[in-house]
Amino acid sequence: MDNPAIYLPEAREAAQEAGRYLLQGLGQKKEVDFKGQVDLVTSFDRRSEEMIFRRLSQAFPDHSFLAEEEIRRDRASDYCWLVDPLDGTTNYAHGLPVFCVSIALSFKKEVVLGVVYDPAREEIFTAVRGQGAYLNGQPVRVSETAELGRSLLATGFPYDVRSSNDNNLDHFSNFAVRAQAIRRLGSAALDLCYVACGRFDGYWEKKLKPWDLAAGSLLVEEAGGRVSNLEGGDFNVFSPHIVASNGHIHQSMLEILSLGLVK
Ligand code: IPD
Ligand code: CA
Ligand code: CA
């Protein structure tokens, strides 16, 4: 494998170009299509995806590409780009400036590079496996909080929240009475980056996709945190559930998740 850092400049440019485009459109009225009862998509998601694909496919024509909206490209390559062109679409459609662009590169299905760009705050989170996690070029670390009762947690709810019992409300109420507080930002990639830089102490969520998780989970690992599945086993971006934390509170989070009220 090449040093994945060689791919970082292009990934960073792609995220920033798309992010600037999204920020310009934030206040504009948007046509919204519904993918499900609550799962929506705008023309901005699609255009952002096209911009990222154009740039990365020109730079790396041999690499595969998997993005949320529609672009898939299979190449006989060990490298694959995993792209969420707009993470936080519901916020974005309401004009709420909490959203980002998430771009990751995997090698033989292991994430080796991640970039998450938040244009509203001009924050860019970057990580290369084995080379640390950065916010606007400065190294970041997870928090030192050692007790769940002092921890600020984040989570989210799946798009089938109305129709499925497996909708995270059980875990939410279990954590709500044990943690210091819980936030629901509406962007899984930013939730993970905020664990990486110590703004959140822990995060859990179910039913996510590889493009939601890939870049942010590498940020957490490279910032000294821990990621796992809900049982504490190895995390992999192609399985949908995640617990991410500063490491200190991870075991406590797993214990609360094992209580799950809804079966
Ligand atoms: C969503 C956000 C949200 C999470 C959802 C995701 P999208 O991604 O990350 O925080 O709770 O499950 O699907 O649709 O805005 O790209
Ligand atoms: Ca997403
Ligand atoms: Ca998205």
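None of these values were measured; they are calculated from a predicted model.

Turning our attention to the coordination of the calcium ion (ligand 2). The coordination sphere of the calcium ion (ligand 2) contains the protein donors Asp-84 (OD), Asp-87 (OD) and Asp-212 (OD), at a distance range of 2.1 to 2.3 Å. Binding-site remark: the calcium ion (ligand 2) is held by donors from one chain whose sequence spacing is D-x2-D-x124-D. Separation of the calcium ion (ligand 2) from the calcium ion (ligand 3) amounts to 3.7 Å, with Asp-84 serving as a shared donor to the pair. Asp-84 sits in the buried class, given a relative accessible area of 1%.

Bringing the coordination of the calcium ion (ligand 3) into the picture now. On the protein side, the calcium ion (ligand 3) has Glu-68 (OE), Asp-84 (OD) and Leu-86 (O) as donor atoms, found 2.2 to 2.4 Å from it. Coordination of the calcium ion (ligand 3) draws on donor residues from a single chain, spaced E-x15-D-x1-L in sequence.

Here we come to the domain arrangement of the chain. If you check the domain split of the chain, you get domain 1 (4-139) and domain 2 (148-259). Inter-centroid distance (C-alpha atoms) of domain 1 to domain 2 is 20 Å. The interface is formed by 41 residues belonging to domain 1 together with 24 residues belonging to domain 2. Across the domain 1 to domain 2 interface the summed buried area is about 2,500 Å²; carbon plus sulfur atoms make up 66%.

Here the focus is the environment of Lys-206. Turning to its location among the elements, Lys-206 is positioned in the loop between strand 13 (202-205) and helix 6 (210-222). Residue Lys-206 is classed as buried on the basis of its relative accessible area, which comes to 11%. Sequence spacing of Lys-206 and Ser-163 is 43 residues, and the spatial spacing of their C-alpha atoms is 15 Å. For Lys-206, the side chain forms a polar contact with the side chain of Asp-166, separated by 2.7 Å.

Core analysis: the largest hydrophobic core is formed by 40 residues, its most contacted members being Val-116, Phe-125, Tyr-203 and Ile-242. When residues of this core are traced back to their parent elements, those giving at least two are strand 5 (79-87), strand 6 (100-107), strand 7 (110-118), strand 8 (123-128), strand 9 (133-135), helix 5 (188-196), helix 6 and strand 15 (242-245). In terms of residue count, the dominant contributor to this core is helix 5 (8 residues). Two domains each put at least three residues into this core: domain 1 (4-139) and domain 2 (148-259).

Let us look at the site of ligand 1. Every one of the 16 residues lining ligand 1 counts as a neighbour, but Asp-87, Gly-88, Thr-89, Tyr-159 and Glu-205 are closest to it. Here an oxygen atom of ligand 1 and a backbone polar atom of Thr-89 are 2.8 Å apart. Within the contact set of ligand 1, an oxygen atom lies 2.5 Å away from a side-chain nitrogen or oxygen of Glu-205. Here ligand 1 has 370 Å² of accessible area as a free molecule, and 95% of this is covered by the chains. The greatest single-element share of the shell around ligand 1, amounting to 3 residues, is contributed by strand 5. For the shell around ligand 1, a count of residues per class yields 5 nonpolar, 5 polar and 6 charged. Taken domain by domain, the shell around ligand 1 gets at least three of its residues from each of domain 1 (4-139) and domain 2 (148-259).

Every second residue of strand 13 is oriented toward a common face, with Gly-202 and Trp-204 on one face and Tyr-203 and Glu-205 on the other, all of them buried. Judged from the 2 bridges that link them, strand 11 (residues 152-154) and strand 13 form a sheet pairing that is parallel. The residue bridging Leu-153 from the neighbouring strand is Gly-202, located in strand 13. Bridge count between strand 13 and strand 15: 4 bridges; the pairing is antiparallel. Residue Tyr-203 lies in a different strand from strand 15, and its bridge partner there is Ala-244.

Another point: the environment of Leu-23. Note that Leu-23 resides in helix 1 (residues 8-25). Along the chain, Leu-23 and Ala-120 lie 97 residues apart, while their C-alpha atoms are 6.6 Å from each other. Apart from residues no more than four positions distant in its own chain, Leu-23 is found in contact with Phe-99, Pro-119 and Ala-120.

Moving on, we come to unusual backbone geometry. The phi torsion at Lys-109 lies on the positive side, around 70 degrees, for a residue other than glycine. Relative to the helices and strands, Lys-109 resides in the loop between strand 6 and strand 7. The exposure class of Lys-109 is exposed, given its relative accessible area of 62%. Positive phi outside glycine occurs at Asn-136, with the angle close to 45 degrees.

Conventions used here
Residues numbered from 1 in each chain as written. Chains lettered and ligands numbered in written order. Predicted model: local features only at pLDDT ≥ 70, side-chain atom pairs only at ≥ 80, totals over all residues. Heavy atoms only, no water. Donors = N, O, S within 2.8 Å, 3.2 Å for Na, K, Ca; no water. Buried < 20%, exposed > 50% of the residue type's maximum accessible area, 1.4 Å probe, protein only. Domains from an automatic or database assignment. Contact = heavy atoms within 4.5 Å. Buried area = accessible area lost by both parts, 1.4 Å probe. Helix = DSSP H or I, 4+ residues; strand = E, 2+ residues; numbered from the N terminus. Polar contact = N/O pair within 3.5 Å; in protein donor to acceptor, adjacent residues only side chain to side chain. Core = buried A, V, L, I, M, F, W, Y, C linked by side-chain atoms within 4.5 Å. Near = heavy atom within 4 Å. Areas by Shrake-Rupley, 256 points an atom, 1.4 Å probe, with all protein chains shown as cover. Nonpolar A, V, L, I, M, F, W, Y, C, P; charged D, E, K, R; others polar. Pairing = 2+ DSSP bridges.

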